[in-house]
Amino acid sequence: MSLENSNDRRDPEGSVGHVTPQKLVIEQPLTLACGIVLPTHTLVYETYGTLNHRRSNAVLICHALSSNHHAAGVYEDDSKPGWWDHYIGPGKAIDTNRFFVVGVNNIGSCFGSTGPTSVNPETGDPWGANFPPLRARDWVESQKLLMESLNIDCWAAVIGGSLGGMQAMRWSLEHPDKLLNAVVIASSMKLTAQNIAFNEIARRAIKSDPDFCDGHYLLEDKVPLRGLALARMIGHVTYLSDELMGQKFGRDLRMGDLIQGKTDPVEFQIESYLNYQGDKFSDFFDANSYILITKMLDYFDLAREYNHDPVAAFSHAMCNFLVISFSSDWRFSPSRSQEITDALIAAGKSVSYIAIDSEHGHDAFLLPNQRYQDALGGYLSRVADQLEGVAP
Amino acid sequence: MNHDIGFIKDWIEPQSRVLDLGCGDGSLLISLQEQLDILGYGLEIDADSIRSCVARGVNVIEQDLNKGLKNFADHSFDTVLMTQTLQALRYPHLVLDEILRIGSRCIVTFPNFGNWRTRAYLNFRGRMPVTKQLAYQWFDTPNIHFFTYADFEALCKERNINILHRQFLANGFPDKLLKSPWPNLFTEIAVYHLSR
């Protein structure tokens, strides 16, 4: 039934096996882009593979809107593998035999790291809608504190898809000497008006739910499940391609039929699928986090502070780049990746750009694809060779 | 390619920016990087070639030449290379204009259709030539324009393209010996260094 979360994700081969999340309380104050200071914050993270003696083989995985630190492997009590298990593991594209891989849940999200569902120490109540607005750079700064606590001086690579790619790009500008490679997948230097429009429709859906209570639903002991489900359904449509939806669901009916003279209720498969995805999502994601992080996406503009000149922005970067796009992605279309690539070339940075043919829309960055795997794996294998002194 | 075009390193400034249109597995860029420490980028659309470029650390950009090069700014490269591709493009003259817009200098190579083997093939067999340089049947060939070096020079003259250097290559016998006195008859591959 479900497209990307079906059993085909459960590939035991090359799995990092059982993993356990770790929790880090960062006592160092974090000044956010909005000016508000988080005196302390908590990050939940996972690591796979082994940090080498020189501590040089660490790779940071940056998650997108709704995922988290659980990027690979399985928990003892849950057979569902991490969200990027296809690409992280021994012998996989992000090879845990060679890299020490760090997955982190970012602040503002809702999987154990400090966010809207955490208690605001000043009030003793959950932050809820009062959680400070965030920018991608705040995630980068928080990740840097995690990096320091792990005693890592430089990432071999910072890798991410979608919003994750935005973090990788921001890393390259904010801390150019702290990463050797940035892998930017299905991403963009800024959202288009259409992207922002879809995000606003999703936020409006959440806020329209009577159980939203202006964002303070936790205090009221309520959850805006219907609004969040609707928000996810809207988002989900933008992650898939028209072509794929047509192939997978077409006009197939889940129940009833359209023969004249019948009054039985009719449901299309796509309706059922979307409702299922929406309901499943609202069971585990927080509505305030969804609003917060979609706004973070809207606000992201890589070159804003560089006079809106992406070439001037990237001239600050020191790392090498790999940019990957997917043909049917209409949320962050290949043109967005091409713009990133063009700016990097004009700035004289090392970059390769791979345009993968895929029917899976934006979600393609999470799904198995041989060319994608080869490109990512080939690039990172050379990075590992360089670290190990095998390649020039 | 069987022909060694290593001599083009003398036409390229050390540490300059080089764009190789149709870079294949990246061998040429790698040798230029090693010898001249250039900053090189290759355009390629073949998946296997792209994979080897990535694995070898060559900057490779997946982009189809035939869909234009508008994303590259004027004079954004010191040298634009295009080896054995001109004859396969839909509008070679327009691409020439484009690469002379993007690069201050350009180096192009192409098979010389005036070579005696192709002439003889067509003349005596009455069939479209299938030779080492043009190893396809007429219906499946990627080479859709056939021209001699003399045709190319006429085009350069017409479009005000300066020829900085030219080099005629031939490996076969007697081509190798006779290409100097009779270049259009015995050149297999022509190599041009151009500017506007």
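Residues numbered from 1 in each chain as written. Chains lettered and ligands numbered in written order. Predicted model: local features only at pLDDT ≥ 70, side-chain atom pairs only at ≥ 80, totals over all residues.

1. Comments concerning the overall build of chain B
Point 1. Each helix and strand in chain B was counted, giving seven helices and seven strands.
Point 2. The globule rule puts the C-alpha radius of gyration for 196 residues at 16 Å, and the 17 Å found for chain B is close to it.
Point 3. Expressed along its principal axes, the backbone C-alpha trace of chain B runs to roughly 45 × 35 × 30 Å.
Point 4. Taking all 196 residues of chain B together, 40% fall into the buried category.
Point 5. The contacts in chain B between residues at least 6 apart in sequence include a share of 62% that link residues at least 24 apart. (Helix = DSSP H or I, 4+ residues; strand = E, 2+ residues; numbered from the N terminus. Rg over C-alpha atoms; globule rule 2.2 N^0.38 Å. Buried ≥ 20, exposed ≤ 12 C-beta atoms within 10 Å, placed from the backbone. Contact = placed C-beta atoms within 7 Å.)

2. Thoughts on the overall build of chain A
Point 1. What chain A contains, in helices and strands, is 10 helices and 14 strands.
Point 2. Each of the three principal axes of chain A carries a C-alpha extent, and together these read 75 × 50 × 50 Å.
Point 3. Residue pairs in contact within chain A that sit at least 24 positions apart in sequence constitute 71% of those at least 6 positions apart.

3. Considerations on the interface of chain A and chain B
Point 1. Tallying the contact residues gives 20 residues for chain A and 16 residues for chain B.
Point 2. Taken together, the elements giving at least two residues each to the side of chain A that touches chain B come down to helix 9 (334-346), strand 14 (351-356) and helix 10 (370-387) of chain A.
Point 3. Residues of the side of chain A that touches chain B, tallied by class, amount to nine nonpolar, seven polar and four charged. (Nonpolar A, V, L, I, M, F, W, Y, C, P; charged D, E, K, R; others polar.)

4. A few points about the confidence of the model for chain B
Point 1. For chain B, mean pLDDT is 92; residues scoring 70 or higher make up 99% of the total.
Point 2. Looking over chain B, one finds the lowest element-wise mean pLDDT in helix 6 (residues 175-178) of chain B, namely 85, and the highest in strand 3 (residues 60-62) of chain B, namely 98. (pLDDT = per-residue confidence, 0-100.)

5. Section: the pairing of strand 5 (residues 58-62) of chain A
Residue and element names in this part refer to chain A.
Point 1. Of all the five residues making up strand 5, five are buried; the element is thus mostly covered by neighbouring parts of the structure.
Point 2. Taking every second residue as pointing to the same face, both faces of strand 5 are buried, with Ala58, Leu60 and Cys62 on one and Val59 and Ile61 on the other.
Point 3. Here four bridges tie strand 5 to strand 8 (residues 100-105), and the two strands are oriented parallel to one another. Looking across to strand 8, one finds that Val59 is bridged to Val101.
Point 4. Relative to strand 9 (residues 157-161), strand 5 runs parallel, the two being bridged by four bridges. By the bridge assignment for strand 9, Ile61 is matched with Ile159. (Pairing = 2+ DSSP bridges.)

6. What about the environment of Gly164 of chain A?
Point 1. The residue Gly164 of chain A is located in helix 2 (residues 163-174) in this model.
Point 2. The contacts of Gly164 of chain A, once residues within four sequence positions are left out, are Cys62, His63 and Ala64 of chain A.

7. Let's talk about the pairing of strand 10 (residues 181-185) of chain A
Residue and element names in this part refer to chain A.
Point 1. Burial runs high along strand 10: five of the five residues are buried.
Point 2. Burial along strand 10 is two-sided: the residues Asn181, Val183 and Ile185 and Ala182 and Val184 are all buried.
Point 3. Direction of pairing for strand 9 relative to strand 10: parallel, over a ladder of four bridges. By the bridge assignment, Gly161 is partnered in strand 10 with Ile185.
Point 4. Each parallel crossover has a hand, and for strand 9 linked through helix 2 to strand 10 it is right-handed.
Point 5. Pairing between strand 10 and strand 13 (residues 320-326): five bridges, direction parallel. Paired with Asn181 across the bridge in strand 13 is Asn320. (Right-handed = clockwise from strand over helix to strand, strands pointing away.)

8. So, helix 7 (residues 287-299) of chain A
Point 1. The end-to-end C-alpha separation of helix 7 of chain A is 18 Å, in line with the 18 Å expected for 13 residues at 1.5 Å each.
Point 2. Tucked into the core, helix 7 of chain A has its buried residues touching helix 1 (136-149), helix 3 (193-207) and helix 4 (225-239) of chain A. (Expected span 1.5 Å × (residues − 1).)

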